[in-house]
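Per-entry structural report
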Amino acid sequence: MSETLENLYSETRTFPPPAELAANANVTAEAYREAEEDRLGFWAQQALRLSWAKPWEQVLDWSNAPFAKWFVGGELNIAYNCVDRHVEAGHGDKVAIHWEGEPGDTRAITYADLLTSVSQAANTLTELGVTAGDRVAIYLPMIPEAAVAMLACARIGALHSVVFGGFSVDALATRIQDADAKLVITADGGYRRGKPSALKPTVDEAVAQCPSIEHVLVVRRTGEDIAWGEKDLWWHETVEQASDKHEARAFDSEHPLFILYTSGTTGKPKGILHTTGGFLTQVSYTHHAVFDLKPESDVYWCTADIGWVTGHSYIVYGPLSNGATQVMYEGTPDTPHRGRFWEIVDKYKVSILYTAPTLIRTMMKWGDDIPAKYDLSSLRILGSVGEPINPEAWMWYREHVGHDNAPIVDTWWQTETGAMMISPLPGVTASKPGSAMTPLPGVSADVVNDEAESVPDGGGGFLVLREPWPSMLRGIWGDEQRFKDTYWSRFGKGAGAGDEWVYFAGDGAKRDEDGALWLLGRVDDVMLVSGHNISTTEVESALVSHPSVAEAAVVGATDPTTGQAIVAFTIPRGNVDTSGDAGEQLIQDLRNHVAKKLGPIAKPRQIMLVAELPKTRSGKIMRRLLKDVAENRSLGDVTTLQDSAVMDLISSGMQAGKSED
Ligand code: WT7
């Protein structure tokens, strides 16, 4: 991306907050003013949401930038903040987690139950020789023990490194080795797509390559037969027999809390390091502000896996620090049927739902009639995270899930930012479909050109963060240089330009005429077509705005005349006829539709109708793989669903890329 990014799409629809919600909102427009006047004072105020064993002396120490220290000198215990203090306040009987297993078995876990389990697990970890600063790998399905294990580590000051349960032996082994973990917490397996899916064999193979591992703690979930080795211990024979008395000692605000590996676009996974006080402050505040959480009445559900940062920040630490009641679901959205999510919403009267665009588009593909069979009237706020949400998917979410009045909060953030950074406030912001709108109070985001100058309204460029924030990453585990190179050396002081440190997020963005921010995908994905920098996101959104399209992925393929040409892979909606001439006609219609929406420069050279798209385990489209498909095969002018060769190529790539994010 040499200059700035083209701004092709314009959106005029806006949706103000429902009056009643605005009148009772946790956070009002006043928060933006307060933070504007005194950013550090604002964050200090938010840190008072937590119970500190020792107050801090300094809000921010940025003297060793880009390594930040927040709430310097303060001490607190994270598990105490997420569990004990709610029990002490008389909420021990309140349900913390309504757990729903995929086969339909359920558990209701109160804050008092959580205190018992976390204390027992903390005692067991201590008995196994785990002490403050040690690393513990967690490789579990979506069962309550995952949250218990994380909180138990936090309680004794050990760092957890949660590895997504779908990852391979290699992915698990490299992560254990990089962190030099002492212990793995796993399960025999979990349920996925109606069947038990084993985890322990993967752990056995990984541990064989990891001499640092002293013990493997195994939760019994499926009851299937598993191999048993010398290092293995059952959770129910250790944790569940341990004393439930455990004193939570306070740790320094900058004590490390966890490592979470993210692969980024290429190369060796990066162990993103987060610490204690700043992280908990920002996840707690944003969960309160962006979801307008009323802990007495709301039922919150985040559908992410605990293996991603969304699960860390918005299943475990944010909601539990706020004393929320939440739903946790083990399985897939189409087991045993495609209405499972909506059935769960109705069953638990979920009022706040937080999910991903990939899921919303899948639901669109499955058809409007499915959510229509459910009540869904309990829902009052809908969240989105993980990718840009196309305006049409946003509208579908609002109409078919949010009964045309629940505000949608499109939250932009990253594993590295630890917590939400750009998002509407549901009681304040008049939102535009597809835009994450503006930085949250206390956050300073900007869109800049190559020289780090802010682009004017209506312009596109690079998304940067200009000021440190409490939940920011504190580094990459074991690799200071990579931390500086990856995030801090593109703009600002780290690039030898000026005195300010500027964080580069790796995303393209634009600021529209009203100052709202639109995320345009990773800058590595930007296409250069006849000298124009075009974002894949805008072309994908234009395709999804056609009534016959549920989902689209766009890549720039090498082209002799235009440098790169736009190639689109498109999934039609449920009942669209794509056979023979109808398919060819649809493809021509779609090319013209894009040209009409965005201008002739964005007209795809080629569109393929496909049944599925290759995605990472966290639901992001694997564009590099599609680029290979687009470049390495002469696919002719039109290719439809009937061309099984395209699907074969896509799915062979999906198999190959399956175990990595
Ligand atoms: C990347 C971070 C944040 C938790 C889950 C993903 C993309 C995330 C949005 C959004 C547009 C988004 C960005 C970002 N992204 N949220 N609301 N709108 N793009 O965490 O795996 O670290 O990925 O996800 O490209 O940089 P992650």
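Since the model is a prediction, treat every value here as computed from it, not as a measurement.

This part takes up the packing of helix α13 (residues 357–366) against helix α15 (residues 391–401). Here α13 crosses α15 at 70°, and the two axes come no closer than 10 Å. As judged from the angle between their axes, α13 and α15 are roughly perpendicular. Where α13 abuts α15, its residues Ile360, Arg361, Met363 and Met364 lie against Glu392, Ala393, Trp396 and Tyr397. Partitioned by chemical class, the residues of the contact of α13 with α15 number six nonpolar, no polar and two charged.

This part takes up empty space enclosed by the protein. Under the criterion given, the structure shown has six cavities of 30 Å³ or more. Its volume calculated, the largest cavity comes out at about 90 Å³. As for the largest cavity, its lining consists of 13 residues, and the residues nearest its centre are Pro391, Trp518, Leu520, Thr537 and Ser541. Going through the elements one at a time, β25 (517–522) and α17 (536–544) are the ones with two or more residues in the lining of the largest cavity. Residue classes in the lining of the largest cavity are distributed as seven nonpolar, four polar and two charged.

Let's shift gears to the pattern of salt bridges. For the coordinates displayed, the defined rule picks out 38 salt bridges. A salt bridge links Lys294 to Asp292, with the nearest nitrogen and oxygen atoms 3.0 Å apart. The pair Lys294 / Asp292 is uniform in exposure class, with both members buried. Between Asp512 and Lys432 there is a salt bridge, and its shortest N-O distance comes to 2.8 Å. Residue Asp512 is found in the loop between β24 (503–511) and β25, and its partner Lys432 is found in the loop between β20 (408–410) and β21 (445–448); the two are separated by 80 residues along the sequence. The exposure class of Asp512 is buried, given its relative accessible area of 10%. Owing to a relative accessible area of 4%, Lys432 belongs among the buried residues under this scheme. Each member of the salt-bridge network shares a partner with another, and the members are Glu100, Arg340, Glu343 and Lys347.

Since the α-helix advances by 3.6 residues per turn, residues separated by three or four positions end up pointing in the same direction. Most of α13 is tucked away, with nine of its 10 residues classed as buried. Positioned one or two residues after α13, Gly367 has a phi angle of 115°, which is positive.

Let us now look at the UniProt feature "binding site: CoA" (unreviewed entry) in the protein. Here, UniProt's "binding site: CoA" (unreviewed entry) annotation points to Arg192, Arg193, Gly194, Lys195, Thr310 and Ser530. Taken together, the annotated residues stretch across 339 residues and extend over separate regions, lying up to 50.3 Å apart by C-alpha. Among the structural elements, Thr310 can be located in helix α11 (residues 309–321). Excluding anything up to four places from it in sequence, Thr310 contacts Cys302, Ala304, Ile315, Tyr354, Val385 and Trp413.

Now for the sheet that holds β25. On the basis of which strands lie adjacent, the open sheet formed by four strands has the order β21-β22-β24-β25 and antiparallel pairing. Each edge of the open sheet is held by one strand with a lone partner, namely β21 and β25. Strand-to-strand twist in this sheet, taken as the mean axis angle between neighbours without regard to direction, amounts to 45°. Pairing geometry for β21 and strand β22 (residues 460–465), over four bridges, is antiparallel. Its bridge partner lying in β22, Ala445 is registered against Leu465.

With that settled, consider the site of the ligand. Neighbouring the ligand are 17 residues; Asp410, Thr411, Thr415, Asp507 and Lys620 lie closest to it. Asp410 places a side-chain nitrogen or oxygen 2.7 Å from a nitrogen atom of the ligand. Within the side chain of Arg522, a nitrogen or oxygen atom sits 2.8 Å from an oxygen atom of the ligand. The set of elements that each furnish at least two residues to the shell around the ligand consists of α11 and β25.

With that settled, consider the confidence of the model for the protein. Mean pLDDT over the protein: 94, with 95% of residues reaching 70 or higher. Low pLDDT, under 50, characterises residues 634–643; the stretch is placed with 23 contacts to residues that sit more than four places away or in other chains. Counting contacts from residues 657–661, a segment whose pLDDT is below 50, to residues more than four positions away or on other chains yields 14 contacts.

Next up on the list: the pairing of strand β4 (residues 95–100). Across the six residues that make up β4, a large majority, six, are buried. In this structure, β4 lies alongside strand β5 (residues 106–110), joined through five bridges in antiparallel fashion. When the bridges of β5 are listed, His98 appears paired with Ala108. A loop of five residues connects β4 with β5, the two strands running antiparallel in sequence, and Gly104 in this loop sits at a positive phi of about 105°. Taken together, the four bridges between β4 and strand β17 (residues 325–329) define a ladder with parallel strand orientation. The residue bridging His98 from the neighbouring strand is Val327, located in β17.

Let's shift gears to the state of the cysteines. For the structure shown, the criterion picks out zero disulfides. Here Cys153 is not disulfide-linked; the sulfur of Cys82 is the nearest cysteine sulfur, at 13 Å. Given a relative accessible area of 0%, Cys153 falls into the buried group.

The buried fraction of strand β11 (residues 215–219) amounts to four of the five residues, a majority that puts the element mostly inside the structure. Where strand β8 (residues 183–187) lies against β11, five bridges are found, and the strand directions are parallel. Counterpart to Thr186 in the pairing with β11 is Val218. Two strands pair when backbone bridges link them, and β11 and strand β12 (residues 232–234) are joined in this way by three bridges, in the parallel orientation. Paired with Val218 across the bridge in β12 is Trp234.

Another point: the domain arrangement of the protein. Taken domain by domain, the protein holds domain 1 (19–463) and domain 2 (546–657). Each of domain 1 and domain 2 was reduced to a C-alpha centroid, and the two centroids are 34 Å apart. Both sides of the domain 1 and domain 2 interface together cover about 1,200 Å² of buried area, and 47% of this is carbon and sulfur. Remark: the boundary between domain 1 and domain 2 carries one salt bridge. For Glu551, the salt bridge goes to Arg361, with nearest N and O atoms at 2.9 Å. At the junction of domain 1 with domain 2, the criterion picks out four residue pairs in polar contact (both at pLDDT 80 or more). Of all the elements, α13 adds the most residues to the side of domain 1 that touches domain 2, at four residues.

Rules of the game
- Residues numbered from 1 in each chain as written.
- Predicted model: local features only at pLDDT ≥ 70, side-chain atom pairs only at ≥ 80, totals over all residues.
- Heavy atoms only, no water.
- Axes fitted to C-alpha atoms, helices over the stretch in contact; angles between N-to-C directions.
- Helix = DSSP H or I, 4+ residues; strand = E, 2+ residues; numbered from the N terminus.
- Parallel < 35°, antiparallel > 145°, perpendicular 65-115°, else oblique.
- Contact = heavy atoms within 4.5 Å.
- Nonpolar A, V, L, I, M, F, W, Y, C, P; charged D, E, K, R; others polar.
- 1 Å grid on protein atoms, 1.4 Å probe; cavity = no way out; pocket = protein on both sides within 12 Å on 5 of 7 lines; lining within 4 Å.
- Points joined across faces, edges and corners; volume = space filled by probe spheres on them.
- Salt bridge = Lys/Arg side-chain N within 4 Å of Asp/Glu carboxyl O.
- Buried < 20%, exposed > 50% of the residue type's maximum accessible area, 1.4 Å probe, protein only.
- UniProt positions renumbered as here; feature names shortened; annotations may be inferred.
- Pairing = 2+ DSSP bridges.
- Near = heavy atom within 4 Å.
- Polar contact = N/O pair within 3.5 Å; in protein donor to acceptor, adjacent residues only side chain to side chain.
- pLDDT = per-residue confidence, 0-100.
- Disulfide = S-S within 2.5 Å.
- Domains from an automatic or database assignment.
- Buried area = accessible area lost by both parts, 1.4 Å probe.

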